[in-house]
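Letter by letter, the chains look like this.
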Amino acid sequence: MDYKQTINLPQTDFPMKADLARREPDILKRWEETQTYQKLREIAKGRPTFILQDGPPYANGAIHLGHAINKVLKDIVVKSRSMDGFDAPYVPGWDCHGLPIEHQIEKTRGKEVKALDPRAFRQACREFAQSQINGQREDFKRLGVMGDWDRPYITMAPKYEAEQLRSFAEILRNGHVYKGLKPVHWCLDCRSALAEAEVEYEDKVSPAIDVRFAVKDSADLAKRFGVPGLKSPASVIIWTTTPWTLPANQAVALGPEFRYTLVDTGAELLVLASSLVDAVTKRAGVENVTRLAEVEGAKLEGVKLQHPFYERVVPIILGDHVTIDDGTGAVHTAPGHGAEDFEVGLKYKLEVYNPVGSDGRFVAGTPIFEGERVFDANKHVIEVLKERGALLHETKLNHRYAHCWRHKTPVIYRATAQWFISMEQAGLRKGALREIAKVKWVPGWGENRINSMIADRPDWCISRQRAWGVPLALFTHKATGELHPRTVELLEDVAKLVEQGGIDAWFDLDPAVLLGGEAAEYEKVPDIMDVWFDSGSAHHCVPKMHPDVKDPADLYLEGSDQHRGWFHSSLLTSVAQHDRAPYKAVLTHGFTIDDKGRKMSKSLGNVVVPQKVIGTLGADVLRLWIAATDYANEMALSDEILKRVAESYRRIRNTARFLLGNLDGFDPATDKVPVSEMVAVDRWAVWRTHQLQEEVIAAYRSYQFHLIYQKVHNFCSVDLGGFYLDITKDRVYTTGKKSLPRRSAQTAMFYIAEALARWLAPILSFTAEEIWRYMPGARSESVFFNTFFEFPKELTQPPTIDWDAILNVRSAISRELEKLRNAGSIGAPLDAEVDVYTKGPLLETLQSFGEELRFVFITSAARAHSADSRPADAVAAVEGEGNTTWIAVKPTTATKCVRCWHKRPDVGQHPNHPELCGRCVTNVDGPGEQRRFT
RNA sequence: GGGUCUGUAGCUCAGUUGGUCAGAGCGCACCCCUGAUAAGGGUGAGGUCGGAGGUUCAAAUCCUCCCAGACCCA
């Protein structure tokens, strides 16, 4: 007889080979065709909501790994909240306005279009942005990210633009907006102000000069230094790398705490920071200097200096921004050309003087330098200084200098009329700082970080001199420059127009339409708003457009750079508008690096392209990597790491497959075994699974996905593969197909699979959905329509048997068996039999297992005895508390049962089944065996 | 240059308030199985916890400095 036919081997169509690259698109198609996301919204209706507000990616270019990480993390959060019983919608967004898109269009259509036909230019921008959105959307979907992809929010939607204006109107009404003259980063090529984010720092060679500012009143200086009188003319020496800013000089700043020395070179007297005297005089080629006196900077405040080439007297002022790392310790101050200069200038009421036009040339009427380009003027300034005898020293310096991120050209600081959101005038900074403290920041240091940024930041310049963006829809009085008194109402009028006709409605607007007779007195502000305001007002705009999204959101989740970006701009607009934060919690993730800890860059050739990973290993493997990596730090990815992840994936997949295979022929509706009748180890397995689920859910709630990966993988390898499934497969294979022992195991495996599929769903979305389809029993269309598995209550109670102790004995036996194996005495553990010598509760437990004990160790025989009766050759294997367990293993001499492969003395005792052991006889040709423990 | 943060076995991660805290899984090596089979099981070797000082009876865990890296800023 061929007993093999009586063995219940695993049977499932769930493929071992994932073939994700090929199979995932099919699942994707089904999600789309069956409207899985939309159905989920219906199913989740009425539950408590969890709102993750999407930070919109910029609608330009193919998605890279950073996008993938961000979207997948969001997807994991949303899906896990959904499975945890929340209604968690996800409305993706795109950021559409701004310079990069303008540049794309300029590249293809030429710069002229922008000036000649701005309407057509904006239309081209719009179409370009839409095409980018379409491309990115497909890639995001392919990652398995589930959301309302048919109804995303895009910042160039007329409704969004209109709502943004309404948000701005409220901010203005709340008194945060002002028009000011202020130095801003100015790109000579853009002819526009740049946001901080649009500036990058690159090496540049600049002239570095030491310049004399002659002291007007020698007697005053002498007094301040406490010397009787000065025998030579004295100068304060400043050091600068931007000679062209000297025409705008209004003061010389010293550090109040630093010490300054009056130096006699023989020919003249110089005032220098004491610690820099040697360096300066050395480079100036001065020998034999005499230090006449020393005094702290604060003592020199107010000393009058002669501007080196203009008829202008400028004061010595004090500033904390002065350093003595290099230079002279005296800082040339031009409030029209520097942020710190501007700040300190405010204190001393210095003029914000800016003689430079938007084209980067000195304006008409600028003495000496009129019409010259600023960087070219450097040379001329130096010549003039030389002529006037004001140049002490000149050299070149290679240093980091601000450049336009787009043009890669050096930018300047230039004071211009700009619109600002004030950090102080209506308490914005104070409010924002207060709100930061109320938000939960994950990881915690994020709070510290954004706090210091808000605490230190200057007012927010929100105006841009560009074409592709939401207009700063204001009317100012032609003569006074004042805002129209009905500005807030007018903004609402404009918003209505924009809602219908988009931003073109403003640009095309005849002011008379809104202002009537006043139109002649007012002009439209031509500026557009900083794009950061666009996305920053999403908390207001999106809920107005999409009923699923609410304000404030439960979570914002972006890369750590967004502390200065979107987290920051959103906080400011929200506090300015509503006096509260737009989010209850903020989660940040790090950036990708390679396995050597370096950032990914084309030049290093270490860039991992998500599309390529998806096309080979599959999106689920990429998702698993994202989940497995602790996003709080940098996230390292390389081919090796990917290989490891793919291996882990296979382990998890195969575990699921084996569970499914053993569930062949199991119908939970009729075959589930009542808990009271389940075999003890099956109950243990379910209990253990439940325990793990508690940990998994806790980790999802605290966004610690990498722990889930560790725990679940560990569970599959150790608890299941290394123990439960290993010892149970004998029972599933050899007992009767419908027998209680087998059904008990199937019941446990069924529960385990039910739980496992749900744990995996937020991370391995494709695979979980695939598993779901192969699960027995009636079930919903998608795994995502479920919440985490609810175990039968009785199975969540801890078992009375001390399985940990048994597992200790088991691993000790494994070590002993390994010795036999290496000695060539046995191969499989079934070739051996084992005697365990112990005492106390462990002995009682093991003995209570009786004949079933051998199944725990997968040996052909196993017996438990009192420790006292141990033979001399037993090995002390488990050290317990005052209780050592001894083990003796040996090859068994019994005959192998052809059916169950155990070597049993009762093989051959049954005349009809001479090759079988007694257990198999009853399973094949009798009532079947009983199992209580294993 | 400044701010924030990170650095535990080849890889991914655990290590609560300092005192079995030097761990897990994977990978690797070797062995076994061939009824999860391009699977499965077992055993084992790997780390002076980035480095150097210091505090303490005791530090991966606290302090200082240094090195490397990331983000933001200048």
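To be clear, the structure that these remarks concern was listed above.
We now turn to the structure provided with this report. (Residues numbered from 1 in each chain as written. Chains lettered and ligands numbered in written order. Predicted model: local features only at pLDDT ≥ 70, side-chain atom pairs only at ≥ 80, totals over all residues. Heavy atoms only, no water.)

Within chain A, the secondary structure is distributed over 31 helices and 32 strands. Against the 2.2 N^0.38 benchmark of 30 Å for 934 residues, chain A shows a C-alpha radius of gyration of 38 Å, more extended than a compact globule. Referenced to the eigenvectors of the C-alpha coordinate spread, the extents of chain A come out at roughly 125 × 75 × 45 Å. Among the 934 residues that make up chain A, the fraction classed as buried is 59%. Restricting to contacts in chain A with at least 6 residues of sequence separation, those with at least 24 account for 78%. Surface summary for chain A: the accessible area is close to 38,000 Å², and the carbon and sulfur share equals 50%. Treating the 117 positive side-chain charges of chain A as one cloud and the 124 negative ones as another, the clouds have centres 3 Å apart. (Helix = DSSP H or I, 4+ residues; strand = E, 2+ residues; numbered from the N terminus. Rg over C-alpha atoms; globule rule 2.2 N^0.38 Å. Buried < 20%, exposed > 50% of the residue type's maximum accessible area, 1.4 Å probe, protein only. Contact = heavy atoms within 4.5 Å. Areas by Shrake-Rupley, 256 points an atom, 1.4 Å probe, with all protein chains shown as cover. Lys, Arg positive; Asp, Glu negative; His and termini not counted. Charge placed at Lys NZ, Arg CZ, Asp CG, Glu CD.)

Now for the sheet that holds strand β24 (residues 585-589). Strand order in this open sheet of four strands is β1-β23-β24-β17, and the pairing throughout is parallel. Of all the strands in the sheet, just β1 (52-53) and β17 (440-442) have a single pairing partner and so form its edges. Relative to β24, β17 runs parallel, the two sharing three bridges. Along β24, the bridge assignment pairs Lys440 with Ala585. This element, helix α3 (residues 65-83), spans β1, β23 (555-559) and β24 of the sheet and lies at about 155° to β23. (Pairing = 2+ DSSP bridges. Axes fitted to C-alpha atoms, helices over the stretch in contact; angles between N-to-C directions.)

Time to look at the protein's contact with RNA strand B. Around RNA strand B sit 55 residues in total, of which Gly597, Asp630, Arg651, His706 and Arg899 are the nearest. The share of sugar and phosphate among atoms of RNA strand B within 4 Å of the protein is 81%. A distance of 2.7 Å is found between a phosphate oxygen of RNA strand B and a side-chain nitrogen or oxygen belonging to Tyr733. One of the side-chain N or O atoms of Glu818 is found 3.0 Å from a base nitrogen in RNA strand B. Of all elements in the fold, only α13 (445-456), α22 (639-662), α25 (705-734) and α28 (803-822) reach the threshold of two or more residues within the surface near RNA strand B. Counting residues per element, the surface near RNA strand B draws most heavily on α25, at 12 residues. (Near = heavy atom within 4 Å. Polar contact = N/O pair within 3.5 Å; in protein donor to acceptor, adjacent residues only side chain to side chain.)

Here we come to unusual backbone geometry. Of note, the amide linkage connecting Val442 to Pro443 takes the cis form, showing an omega dihedral of -5°. Tracing the sequence through the fold places Pro443 in the loop between β17 and α13. For the bond from Asp551 to Pro552, the omega torsion is 5°, close enough to zero to count as cis. As for its placement among the helices and strands, Pro552 is situated in the loop between α18 (538-545) and β23. At Gln35, a position not held by glycine, the phi torsion is positive, near 55°. You can see Gln35 is positioned in the loop between α1 (20-33) and α2 (36-44).

Okay, the layout of surface pockets next. The volume enclosed by the second largest pocket comes to roughly 1,100 Å³. If you go around the second largest pocket, you meet 31 residues; those closest to its centre are Thr241, Thr242, Val331, Glu340 and Asp341. Residue assignment for the lining of the second largest pocket shows that the elements contributing at least two residues are β7 (234-240), β14 (330-333), α10 (339-348), β15 (391-404) and β16 (412-421). Residue composition of the lining of the second largest pocket, grouped by class: 13 nonpolar, 14 polar and four charged. (1 Å grid on protein atoms, 1.4 Å probe; cavity = no way out; pocket = protein on both sides within 12 Å on 5 of 7 lines; lining within 4 Å. Points joined across faces, edges and corners; volume = space filled by probe spheres on them. Nonpolar A, V, L, I, M, F, W, Y, C, P; charged D, E, K, R; others polar.)

Counting buried positions along β24 yields five of five residues, so the element is predominantly enclosed. Residues Ala585, Leu587 and His589 point to one face of β24 and Val586 and Thr588 to the other, with burial holding for every one of them. In terms of strand pairing, β23 meets β24 through four bridges, oriented parallel. Among the inter-strand pairings, Tyr556 is bridged to a residue of β24, identified as Val586. Crossover connection from β23 via helix α19 (residues 566-578) to parallel β24: handedness right-handed. (Right-handed = clockwise from strand over helix to strand, strands pointing away.)

With that settled, the discussion passes to the packing of helix α4 (residues 99-109) against helix α6 (residues 118-142). Packing of α4 against α6 brings their axes to within 9 Å, and their N-to-C directions diverge by 110°. When the axes of α4 and α6 are compared, the pair comes out roughly perpendicular. Crossing angle aside, the handedness with which α4 passes α6 is right-handed. When α4 is examined against α6, the residues Ile101, Glu102, Gln104, Ile105, Glu106 and Arg109 are found in contact with a partner set consisting of Phe121, Ala124, Cys125, Glu127, Phe128 and Ala129. Within the contact of α4 with α6, the residues separate by chemical class into seven nonpolar, one polar and four charged. (Parallel < 35°, antiparallel > 145°, perpendicular 65-115°, else oblique. Left-handed = near helix turned anticlockwise from the far one by under 90°.)

Helical geometry: 3.6 residues make up each α-helical turn, so side chains three or four residues apart lie on a common side. What α10 keeps buried is the set Asp341, Phe342, Val344 and Gly345. Buried-residue contacts for α10 involve β4 (177-187), β13 (313-318) and β14.

This next bit is on the sheet that holds strand β5 (residues 192-194). A sheet is described by the order of its strands in space; here four strands give the open sequence β5-β4-β16-β18, paired in antiparallel fashion. If you trace the sheet from one side to the other, it starts and ends with β5 and β18 (460-461), each paired once. Pairing geometry for β16 and β18, over two bridges, is antiparallel. Residue pairing in the sheet places Phe420 in a bridge with Cys461 of β18.

This brings us to the packing of helix α12 (residues 428-438) against α13. Relative orientation of the contacting elements α12 and α13 amounts to 175°, with a least axis distance of 10 Å. The angle between α12 and α13 places the two elements in the roughly antiparallel class. Residue-level inspection shows Arg429, Ala432, Leu433, Ile436 and Ala437 of α12 in contact with α13, the latter providing Glu447, Ile450, Asn451, Ile454, Ala455 and Asp456. Its residues assigned to classes, the contact of α12 with α13 comprises seven nonpolar, one polar and three charged.

A few words now on the pattern of salt bridges. The final tally for this structure, using the stated rule, is 64 salt bridges. For the salt bridge of Asp504 with Arg126, the shortest nitrogen-to-oxygen distance reads 3.8 Å. Placement of Asp504 in helix α15 (residues 504-507) and of Arg126 in helix α6 is noted, with a sequence separation of 378 residues between them. Summarising the burial analysis for this pair, Asp504 and Arg126 share the class buried. For the salt bridge of Arg464 with Asp530, the shortest nitrogen-to-oxygen distance reads 3.1 Å. With Arg464 in strand β19 (residues 463-464) and Asp530 in the loop between β22 (528-529) and α17 (531-536), the pair connects residues that are 66 residues apart, well separated along the chain. Given the relative accessible area of 3%, Arg464 is considered buried. With relative accessibility at 2%, the residue Asp530 sits in the buried group. Here the salt bridges do not stand alone but share partners, grouping Lys159, Glu163, Arg166, Glu492, Lys496 and Glu499 into one network. (Salt bridge = Lys/Arg side-chain N within 4 Å of Asp/Glu carboxyl O.)

Moving on, we get to the nonpolar core. In terms of nonpolar packing, the biggest core is built from 218 residues, with Phe168, Tyr583, Phe705 and Tyr724 touching the most fellow members. The element that contributes the greatest number of residues to this core is α25, accounting for 13 residues. Counting residues in each nonpolar core, the second largest holds 63 residues, with Val215, Ala234, Ala251 and Leu262 among its members. (Core = buried A, V, L, I, M, F, W, Y, C linked by side-chain atoms within 4.5 Å.)

So, on to the packing of aromatic side chains. If you walk through the whole model with that rule in mind, you get 34 aromatic pairs. With a centroid separation of 6.3 Å and an interplanar angle of 80°, the aromatic rings of Tyr90 and Trp149 are classed as edge-to-face. Highlighted residues: Tyr90 in the loop between α3 and β2 (93-94) and Trp149 in the loop between α6 and β3 (153-154), separated in sequence by 59 residues. With a centroid separation of 6.1 Å and an interplanar angle of 25°, the aromatic rings of Phe140 and Trp149 are classed as stacked. Taken individually, Phe140 and Trp149 each receive the classification buried, so the pair is uniform in this respect. Three or more aromatic residues link up through ring pairs in this structure, and these residues are Tyr631, Tyr700, Tyr703, Phe705 and Phe788. For Arg414, the ring lying beneath its charged end belongs to Trp186, and the centroid distance is 4.4 Å. When the ring centre of Trp886 is taken as reference, the NZ or CZ atom of Arg870 above it lies at 3.9 Å. (Phe/Tyr/Trp six-rings, centres within 6.5 Å; stacked < 30°, edge-to-face > 60°. Lys NZ or Arg CZ within 6 Å of the ring centre and 35° of its normal.)

Remember that the coordinates give geometry; whether it matters functionally is a separate question.
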